[in-house]
Amino acid sequence: MTRPIVRVALDTPLRRLFDYLPSHETGHEPRPGVRVRVPFGRQQLVGVVHSLAASSELPTEKLKPLLEVLDAEPVIDAAVLELLEFASTYYHHAIGEVVAAALPKMARHGAPARALVERWFAAEPGLAALAGGELNRARRQRELLEVLRDTPGISGHELTRRIEDWRTPVRALVARGFASSAETPEEAPADDAPLLRAIGPALSDEQATAVAAIDGAAGRFAPFLLYGITGSGKTEVYLHAVEHALRRRRRALVLVPEIGLTPQLVGRFRERFAVDVAVLHSGLTDTERLAAWRDCVAGTARIVLGTRSAVFAPVADLGVVIVDEEHDASFKQHESGFRYSARDLAILRAQRAQVPIVLGSATPSLETLQNVEAGRFTRLSLPRRAGQALPPRAAVIDLREHAVRAGIATPAVEAMQRHLADGGQVLVYINRRGYSPTLACTACGWIAPCRDCDARLTVHLAAQRLRCHHCGADAPLPANCPQCGYAVRHVGQGTERVEETLAQLLPDMPIARLDRDVVRKRGDLESVVSRIASGEARVLVGTQMVTKGHDFPNVTLVVVLNADQGLFSTDFRAPERVAQTIIQVAGRAGRGTKPGEVMIQTEYPEHPLLRSLLDEGYDGFARAALAERAAAGWPPFAHVAALRASAGELATTTNFLRQARALLARLPRGLKLLGPAPAAMAKRAGRYHAQLLLEARDRAPLHRALTDWLPEVEGIKAPRDLRWSLDVDPLELF
Ligand code: ADP
Ligand code: ZN
Ligand code: ZN
């Protein structure tokens, strides 16, 4: 009889599984989803069992046995394993790296999947000694032993709570053979613990309708778009949908954008629910991440709240999936390695688990709106603000018609003074950090360039540095032109300069700034947010960071300093992003009881995008933008994949892409190629970037072509410094 072959996913870029024999000692084969340690060349690797097979393409005598089986139970359940398999095929990425993305780093390196709890017991001789009065003169040992006698298996954690410095007497007890300890896996608490810690506000009719629709879809796949302006009570709907799922003894998976995982949101889940909430995001240390993942594996966490990669979290008995701010670009991993859309995979996960999924947004992606249009998703609307808040009034300030100081036009300054005098707070948005984006010579025209990028260096005045926001280059700020020695000038503005100017224009007003320079370590974000929330700071200047997640009820005026960037980009998605940002920033105004006002500064007040957005809101904009996409044949009316390459020389990059293109000489029907073309910023961090786009009306021919083509692309002989990657459904085209 032939022994089954164990097929293992290993964290390598090779697009295949690796075959092993069951280990010598155990003899029986491990289940899919458990981790195993295997020999790999001269190293040992930890991988995940993908499947079992009757035979291998390799002769059995060439196969090595597993070294160790690390888990008794799968750490990746069948449903998630299937999802990973699908993702590997769909994104054309090596299965081993895809599976690795589902595990925290320490688990990838073999850390136990179950947290072990140290438990303490009194031993027989100890009990006899207690009874015989032998310990009467060792008070601390006696007291500790009495506790161990009365609560056998008490955890070390509990002992620390009850007895100060118990480690010293316990050592003595162990030395005398009077006490012993054991480590056992942590267990999930009983299911009948109370669910709620607090009761939320009574739902509005629209909220109640939304909750009922989601709840009515329990037990089957049903995708919903929860479309509601900022402050309309979407989070309250999520909380209720989660509560209903928990009542059915199911668990909930809640995905949020990278920056949206604010303490405020986590706080709202923890305040509402008495059950364990596991929080998974990139700001955790490896140990914290492992601990949160273990809570998922053990099932102690009934709610899993996380950013992108949490879509792969082990959540058994899933009852509902929620994706907050579904339009947010951070759901798409696009920088390195395995490029996937967590939102799209979440939809798939819900489909396989046969549960409802709620995609929430004030500014849904055009893809999602098109899915509603086509009848695939159900739209649930929250058209009004919760509580008494009124929608803000919006107006445009024509930058060409007014005096402007450091990018702030006079009418905006007057409005700020008015709102501040009325006791409101003001939010000023600009999408650039630093002092000024350009350092220029007043005499010879020199402009400080980045040596390694097609970009200018940004002035950081307080730090006295010149920095590149693309590659991280960092140099001292010169006082004079390095070329001719004349004085230099700061041109344009970023958050730092706006803060400085506002301090002059609004004397004695406490100002807070929120951008990546201010938020550097843990707790920084919280401290800025609390300065605003408490009213201590009256004016907030910030980048995109201010648009996400925070609720500042006393902000009554929002000023968008420059709406124009992105209006003229070559990327077909740029207008969508501009519109989303404007609406999201505007949504920060008037969330409390006072009405809000929004002012948008622009040099193109007649731009059709701005007009549709201001006259008809996001809905009107989306209709116009979708019509444009349909006419031009862009997603969601077509499917796109980008083959990207970079190298030290532009020629290397384009040569490679040209060869790749030539391999598609016999173009499958319906496939269109665009490029190769250098990226808009071709040189970044000393490397030249270019891309080749593949486009098709239907998904199938595109993916068939990719499947046949990629192995051939892998075979192209290119210089060693060439790197390439494939991005399916790219969010950014450059
Ligand atoms: P969103 O997630 O859409 O931005 P939230 O759920 O955060 O909206 O709601 C905005 C504010 O309104 C919050 O302070 C929330 O507690 C409050 N709120 C939500 N629903 C209600 C309701 N039905 N009655 C009263 N207040 C509500
Ligand atoms: Zn000069
Ligand atoms: Zn640079």
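Our subject is the structure that appears above.
Residues numbered from 1 in each chain as written. Chains lettered and ligands numbered in written order. Predicted model: local features only at pLDDT ≥ 70, side-chain atom pairs only at ≥ 80, totals over all residues. Heavy atoms only, no water.

Peer 1: Looking at this structure, I do not really get the nonpolar core. What am I missing?
Peer 2: It is characteristic of soluble globular proteins that their nonpolar side chains tend to be buried jointly. Core analysis: the biggest nonpolar cluster contains 116 residues, and Ile-76, Leu-84, Phe-312, Leu-540, Leu-643 and Trp-709 have the highest contact counts within it. When residues of this core are assigned to their parent elements, the largest contribution, 8 residues, is made by helix H18 (residues 608-632). Residue contacts for Leu-84: discarding those within four places in its chain leaves Ile-76, Ile-95, Val-98, Val-99, Ala-102 and Phe-312. Listed in part, the 32 residues of the second largest apolar core include Leu-195, Tyr-238, Leu-239 and Val-275. (Core = buried A, V, L, I, M, F, W, Y, C linked by side-chain atoms within 4.5 Å. Buried < 20%, exposed > 50% of the residue type's maximum accessible area, 1.4 Å probe, protein only. Helix = DSSP H or I, 4+ residues; strand = E, 2+ residues; numbered from the N terminus. Contact = heavy atoms within 4.5 Å.)

Peer 1: For this particular structure, what's the right way to read unusual backbone geometry?
Peer 2: For residues other than glycine, phi is negative in most cases, and the peptide bonds are mostly trans. Here the residue pair Pro-635 and Pro-636 is connected by a cis peptide bond, since its omega of 5 degrees sits within 30 degrees of zero. Checked against the element boundaries, Pro-636 lands in the loop between H18 and strand E29 (639-647). The phi dihedral of His-92 falls on the positive side, at around 50 degrees, and the residue is not glycine. Residue position: His-92 is located in the loop between helix H1 (78-90) and helix H2 (95-100).

Peer 1: Can you help me understand the sheet that holds strand E21 (residues 458-460) in this one?
Peer 2: By way of backbone hydrogen bonds, the strands of a sheet pair with one another, either parallel or antiparallel. Taken together, the 3 strands give an open sheet; going across it, the order is E21-E22-E23, and neighbouring strands pair in antiparallel fashion. Unpaired on one side and paired on the other, E21 and strand E23 (474-476) mark the two borders of the sheet. For this sheet, the mean angle separating the axes of adjacent strands, direction not counted, is 30 degrees. Bridge analysis of E21 against strand E22 (residues 465-467) gives 3 bridges, and the strand direction is antiparallel. In the sheet register, Thr-458 faces E22, and the bridge partner there is Arg-467. (Pairing = 2+ DSSP bridges. Axes fitted to C-alpha atoms, helices over the stretch in contact; angles between N-to-C directions.)

Peer 1: How should the coordination of the zinc ion (ligand 2) be read in this particular structure?
Peer 2: Working reference: metal with six octahedral donors, ideal angles 90 or 180 degrees; metal with four tetrahedral donors, ideal angle 109.5 degrees. Taken together, the protein donors to the zinc ion (ligand 2) comprise Cys-441 (SG), Cys-444 (SG), Cys-481 (SG) and Cys-484 (SG), at separations of 2.2 to 2.4 Å. Its 4 donor atoms give the zinc ion (ligand 2) angles of 102 to 113 degrees at the centre, a pattern that matches the tetrahedral case. Going along the chain, you hit the donors of the zinc ion (ligand 2) in the pattern C-x2-C-x36-C-x2-C. Residue classification places Cys-441 among the buried positions, given a relative accessible area of 6%. Under the relative-accessibility criterion, Cys-444 is labelled partly exposed at 36%. (Donors = N, O, S within 2.8 Å, 3.2 Å for Na, K, Ca; no water. Tetrahedral: all angles 85-135°; square planar, octahedral: opposite > 155°, others 65-115°.)

Peer 1: What am I meant to see in the pattern of salt bridges here?
Peer 2: Two side chains carrying opposite charge are able to pair once their charged atoms lie near each other. All chains considered together, the criterion is met by 37 salt bridges. Put simply, Arg-37 and Glu-68 hold a salt bridge, and the shortest N to O gap is 3.1 Å. Separated by 31 residues along the polypeptide, Arg-37 in strand E3 (residues 35-40) and Glu-68 in strand E5 (residues 68-69) bring together distant segments of the chain. Relative accessible area serves as the criterion here: at 22%, Arg-37 is assigned to the partly exposed category. Classification of Glu-68 by relative accessible area gives partly exposed; the value is 35%. A salt bridge links Arg-644 to Asp-727; the shortest N-O distance between them is 3.0 Å. Placement of Arg-644 in strand E29 and of Asp-727 in strand E32 (residues 723-728) is noted, with a sequence separation of 83 residues between them. Asp-727 shares its class with Arg-644; the two are buried. Through salt bridges with shared partners, a single network forms among Glu-158, Arg-161 and Arg-162. (Salt bridge = Lys/Arg side-chain N within 4 Å of Asp/Glu carboxyl O.)

Peer 1: How should I be thinking about the site of ligand 1 in this particular structure?
Peer 2: Near ligand 1 you find 17 residues, and of these Ala-202, Gln-207, Lys-234, Thr-235 and Arg-268 are the closest. Between a nitrogen atom of ligand 1 and a side-chain N or O atom of Gln-207, the distance comes to 2.7 Å. Within the backbone of Glu-236, a nitrogen or oxygen atom sits 3.2 Å from an oxygen atom of ligand 1. Top element by residues in the shell around ligand 1 is helix H9 (residues 234-247). It accounts for 3 residues. Split into classes, the residues belonging to the shell around ligand 1 amount to 5 nonpolar, 7 polar and 5 charged. (Near = heavy atom within 4 Å. Polar contact = N/O pair within 3.5 Å; in protein donor to acceptor, adjacent residues only side chain to side chain. Nonpolar A, V, L, I, M, F, W, Y, C, P; charged D, E, K, R; others polar.)

Peer 1: Sorry if this is basic, but what is going on with the sheet that holds strand E10 (residues 251-255) here?
Peer 2: Sheet architecture is open: 7 strands sit in the order E11-E12-E10-E13-E14-E9-E15, paired in parallel fashion. The sheet terminates laterally at strand E11 (276-280) and strand E15 (378-382), the two strands that pair on one side only. Across the sheet, the mean angle separating the axes of adjacent strands is 20 degrees when strand polarity is ignored. As defined by bridge partners, E10 adjoins strand E13 (residues 318-324) across 5 bridges and the pair is classed as parallel. For Val-254, the partnering residue across the bridge sits in E13 and is Ile-322.

Peer 1: Please explain the pairing of strand E26 (residues 539-542) as it appears in this structure.
Peer 2: Along any regular strand, the residues point their side chains to alternate faces of the sheet. Burial of the side chains of E26 extends over both faces: Val-539 and Val-541 are buried on one face and Leu-540 and Gly-542 on the other. Bridge count between strand E19 (residues 425-429) and E26: 4 bridges; the pairing is parallel. Across the sheet, Val-428 pairs through a bridge with Val-541, a residue of E26. With 4 bridges joining them, strand E25 (residues 511-514) and E26 adopt parallel strand pairing. Following the sheet pairing, Arg-513 is matched in E26 by Val-541. With helix H16 (residues 524-533) bridging E25 and its parallel neighbour E26, the resulting β-α-β unit is right-handed. (Right-handed = clockwise from strand over helix to strand, strands pointing away.)

Peer 1: I tried to follow the coordination of the zinc ion (ligand 3) on my own but got confused; where do I start?
Peer 2: The protein atoms that coordinate the zinc ion (ligand 3) are Cys-450 (SG), Cys-453 (SG), Cys-468 (SG) and Cys-471 (SG), at distances of 2.2 to 2.3 Å. Each of the 4 donor atoms bound to the zinc ion (ligand 3) contributes to angles spanning 104 to 113 degrees, and the resulting shape is tetrahedral. Counting gaps between the donor residues of the zinc ion (ligand 3) yields the pattern C-x2-C-x14-C-x2-C. Of this pair, Cys-453 sits in the loop between strand E20 (438-441) and E21 while Cys-468 sits in the loop between E22 and E23, and the two are 15 residues apart along the sequence. With relative accessibility at 3%, the residue Cys-468 sits in the buried group.

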